[in-house]
Amino acid sequence: MIYLTNDALDQAVYFEMRGKEALRSRNGLDQVYYGLLGNGVHEVDVTLKKRRGSVEVAFGSRSELFSFVEEDELRQMLGRMVREKTVH
């Protein structure tokens, strides 16, 4: 579990990795990470796809989590986390 930030109610927002895989694409190899993003009360599935210097972040179904923390801010944090190889 990786701590990211606190939400509007000062609850910790975390990312818990559930799995990863390498997928072949035309441009080489993409790393795909699957996990859960939450604050202890609300959670949402997240998929991170890393390819050549960029990270695509896709959230599952809408969650109340985004009422307490900005979605764009979380996308940036998750992207940074993957680019800096915090996730193993």
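Up top you'll find the structure we're talking about.
Given the structure is predicted, the values throughout are model-derived calculations rather than measurements. (Residues numbered from 1 in each chain as written. Predicted model: local features only at pLDDT ≥ 70, side-chain atom pairs only at ≥ 80, totals over all residues. Heavy atoms only, no water.)

S.K.: I tried to follow the sheet that holds strand β2 (residues 12–25) on my own but got confused; where do I start?
M.R.: Hydrogen bonds between backbone atoms are what pair the strands of a sheet, whose relative direction is either parallel or antiparallel. An order of β1-β2-β3-β4-β5 is seen for the 5 strands of this open sheet, with the pairing classed as antiparallel. Each of the sheet's edge strands pairs with one partner strand only, and the pair in question is β1 (2–6) and β5 (54–59). Here the strands of the sheet are splayed against their neighbours by 30° on average, with no regard to which way each runs. Pairing of strand β4 (residues 43–51) with β5, which is carried by 6 bridges, proceeds in the antiparallel orientation. Its bridge partner being in β5, R51 is matched across the sheet by S54. The strands touched by helix α1 (residues 71–83) within the sheet are β1, β2, β3 (28–38), β4 and β5, with β5 carrying the most contacts at an inclination of about 135°. (Pairing = 2+ DSSP bridges. Helix = DSSP H or I, 4+ residues; strand = E, 2+ residues; numbered from the N terminus. Axes fitted to C-alpha atoms, helices over the stretch in contact; angles between N-to-C directions. Contact = heavy atoms within 4.5 Å.)

S.K.: In this structure, what is going on with unusual backbone geometry? I would like to understand it.
M.R.: Of note in the backbone geometry, D10 takes a positive phi value of approximately 65° without being a glycine. Of note, D10 is situated in the loop between β1 and β2.

S.K.: Before we go on, may I ask you to explain the side chain of D7 in this structure?
M.R.: Its location among the elements puts D7 in the loop between β1 and β2. If we ignore the near neighbours within four places in the chain, the residues touching D7 are V13, N39, F68 and V69.

S.K.: Help me out: how do you make sense of the nonpolar core in this one?
M.R.: Where a protein is soluble and globular, its nonpolar side chains tend to be buried together. Among the nonpolar cores identified, the biggest contains 19 residues, and L37, L48, F59, L74 and L78 are the most heavily contacted of them. The element contributing the most residues to this core is α1, with 5 residues. Aside from chain neighbours lying at most four places away, what touches L48 is F15, Q31, V32, Y33, V55, E56, V57, L78, M81 and V82. (Core = buried A, V, L, I, M, F, W, Y, C linked by side-chain atoms within 4.5 Å. Buried < 20%, exposed > 50% of the residue type's maximum accessible area, 1.4 Å probe, protein only.)

S.K.: Help me understand α1 in this model?
M.R.: Think of an α-helix as 3.6 residues a turn; residues three or four steps apart then line up on the same face. The terminal C-alpha atoms of α1 lie 18 Å apart, and with 13 residues this matches the ideal 18 Å at 1.5 Å per residue to within 8%. For α1, the set of buried residues is E71, L74, M77, L78, G79, M81 and V82. On its buried face, α1 sits against β1, β2, β3, β4 and β5. Following α1 by one or two positions, K85 has its phi on the positive side, about 60°. (Expected span 1.5 Å × (residues − 1).)

S.K.: How do you make sense of the environment of E73 when you look at a structure like this?
M.R.: Looking at where E73 falls in the secondary structure, it is placed in helix α1. Judged by relative accessible area, E73 falls into the partly exposed class, the value being 34%. As for E73 and A8, which are separated by 65 residues in sequence, their C-alpha atoms are 13 Å apart.

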